[in-house]
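# Observations on the three-dimensional arrangement
As a plain string of letters, each chain reads:
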Amino acid sequence: MPTTEQLLRAPKVLLHDHLDGGLRPTTVIELAAESGYRGLPTTDPEELGRWFASDTPRRDLVRYLEGFAHTVGVMQSKDALARVAMECVTDLAADGVVYAEVRFAPELHTEGGLELDAVVEAVLSGFESGAAAAAAAGRPIVIRALLTAMRTAARSREIAELAVAHRDSGVCGFDVAGAEAGYPPTRHLDAFQLIQRENFHATLHAGEAFGLPSIWEALQWCNAERLGHGVRIVDDIEVAPDGSVRLGRLASYVRDRRVPLEMCPTSNVHTGAARSLAEHPIELLRRLRFRVTLNTDNRLMSGVSMTSEMQGLCDTFGWGFSDLEWLTLNAMKSAFYPFDERLAMINSVIKPRYAELSAEALRTSVQS
Ligand SMILES: [Zn+2]
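As the structure is a prediction and not an experimental result, all values here were calculated from the model. (Residues numbered from 1 in each chain as written. Predicted model: local features only at pLDDT ≥ 70, side-chain atom pairs only at ≥ 80, totals over all residues.)

## What to know about the packing of helix H2 (residues 25–35) against helix H3 (residues 45–52)
The interhelical angle for the contact between H2 and H3, taken along N-to-C directions, is 110°, at an axis separation of 8 Å. With respect to H3, the axis of H2 lies roughly perpendicular. For the element pair H2 and H3, the recorded crossing hand is right-handed. Residues Pro25, Thr26, Val28 and Ile29 of H2 pack against Pro45, Leu48, Gly49 and Phe52 of H3. Taken together, the residues of the contact of H2 with H3 break down into six nonpolar, two polar and no charged. (Axes fitted to C-alpha atoms, helices over the stretch in contact; angles between N-to-C directions. Helix = DSSP H or I, 4+ residues; strand = E, 2+ residues; numbered from the N terminus. Parallel < 35°, antiparallel > 145°, perpendicular 65-115°, else oblique. Left-handed = near helix turned anticlockwise from the far one by under 90°. Contact = placed C-beta atoms within 7 Å. Nonpolar A, V, L, I, M, F, W, Y, C, P; charged D, E, K, R; others polar.)

Below you can see the structure in the form of structure tokens.
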């Protein structure tokens, strides 16, 4: 079993992490004081951290989203956005992440009068300084942004255009997120068609709070290359009492086409998409060799890091470095990052470092 210290050192690839879901509690408090934001439940950093990551099961996506009113509330100026973005990169690098795609919804950050372009530029500048600081600290990380449109709003076409406009300065794709039931992906069809016409990339939150029709629309109408969560694909998989498995047509398509699933186990438990980690479909989907990736979703709201998510899988399913390397390679193969650079990352960073860790774990187990 890998130790926590070894897990921290393991190289990680993160494809699904929300910028407004990963702030440091102290930063929320300081930004609130600076901007005159008054809505916080407490100004004590520890209490606030506990409030966000409260383990009172919310089991409901709509209630889970409540915490975002506060984080988004303090991210309404260029300086605040750049600071949050910079700290995000620093925190991910310290967690052993070597490549990350972090998403945010520009339309949620215009209440202070910022234009959409200014929002994106502020975040990208924060990413750049965070990456420079991480490299200087000996923890190089590649960071890219995904622009999210809110599925309950009507600005997706504009956000898709915005993503394309910033594609050469750090934006690698487009996403749609927010309350799923009642807001099918096809409401945003023109945005996805624009992404497709521009030879650009799209992922889509689907199959989290709502089931197969949402996944089907995401893939077959919106041409999403990856599924945000996608956990409900298990509704199309039958496991008989004797252990034999039958995949429906949609599940077969997802597996055959190697559609990446951006799975976020702890977040799924918090929103009620899975009852517990032990019952999370990630174990079955790994066994069936779907293209599973491991992600944090909202580090602050779920009280997680990539290291703690890995630890959870090792503790719950007895996974080891070979499983974690598999997840990491899956994620790197699925990144919206040029093919040659993905290969370089796989061959010169991920594989050698997992080989080292596995050898080290073997030595420790022989000695003990
Ligand atoms: Zn998400």
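## What to know about the packing of helix H16 (residues 321–334) against helix H17 (residues 339–367)
Relative to each other, H16 and H17 sit at 175°, their axes nearing to 10 Å. One way to sum up the angle between H16 and H17 is to call them roughly antiparallel. Facing Phe321, Glu325, Thr328, Leu329, Met332 and Lys333 of H16, the residues of H17 in contact are Arg342, Met345, Ile346, Ile350, Tyr354, Leu357, Ser358 and Ala361. For the contact of H16 with H17, the residue count by class is nine nonpolar, two polar and three charged.

## Remarks on the sheet that holds strand S3 (residues 142–150)
Strands in a sheet are paired, the pairing made by backbone hydrogen bonds, and the direction either parallel or antiparallel. Here four strands make up an open sheet; going across it, the order is S1-S2-S3-S4 and the pairing parallel. Looking at the sheet topology across the chains shown, the edges are occupied by strand S1 (12–18) and strand S4 (171–177). Mean inter-strand twist for the sheet, computed between neighbouring axes without regard to direction, equals 25°. In this structure, strand S2 (residues 97–104) lies alongside S3, joined through six bridges in parallel fashion. Its bridge partner lying in S3, valine 102 is registered against alanine 145. Of the strands in this sheet, S3 and S4 are in contact with helix H8 (residues 156–165), which crosses S4 at around 165°. Seen against the sheet, H16 touches S1 and S2 and runs at an angle of roughly 65° to S1. (Pairing = 2+ DSSP bridges.)

## Digging into the environment of phenylalanine 52
In this structure, phenylalanine 52 sits in helix H3. With 23 C-beta atoms counted inside 10 Å, the residue phenylalanine 52 sits in the buried group. Sequence-wise, phenylalanine 52 and glycine 303 are 251 residues apart; in three dimensions their C-alpha atoms are separated by 7.8 Å. What phenylalanine 52 contacts, discounting residues up to four positions off in sequence, is Pro25, Gly67, Leu300 and Met301. (Buried ≥ 20, exposed ≤ 12 C-beta atoms within 10 Å, placed from the backbone.)

## Concerning the sheet that holds strand S10 (residues 292–294)
The strand order across the open sheet formed by four strands is S5-S6-S9-S10, and the pairing between neighbours is parallel. On the outer flanks of this sheet lie strand S5 (203–206) and S10, each paired with one strand and no other. Adjacent strand axes in the sheet meet at a mean angle of 30°, parallel and antiparallel pairs treated alike. Pairing of strand S6 (residues 226–229) with strand S9 (residues 261–263) involves two bridges; the strand directions are parallel. Bridged to glycine 228 within S9 is glutamate 262.

Spatial relationships are all this shows, so hold off on functional conclusions.
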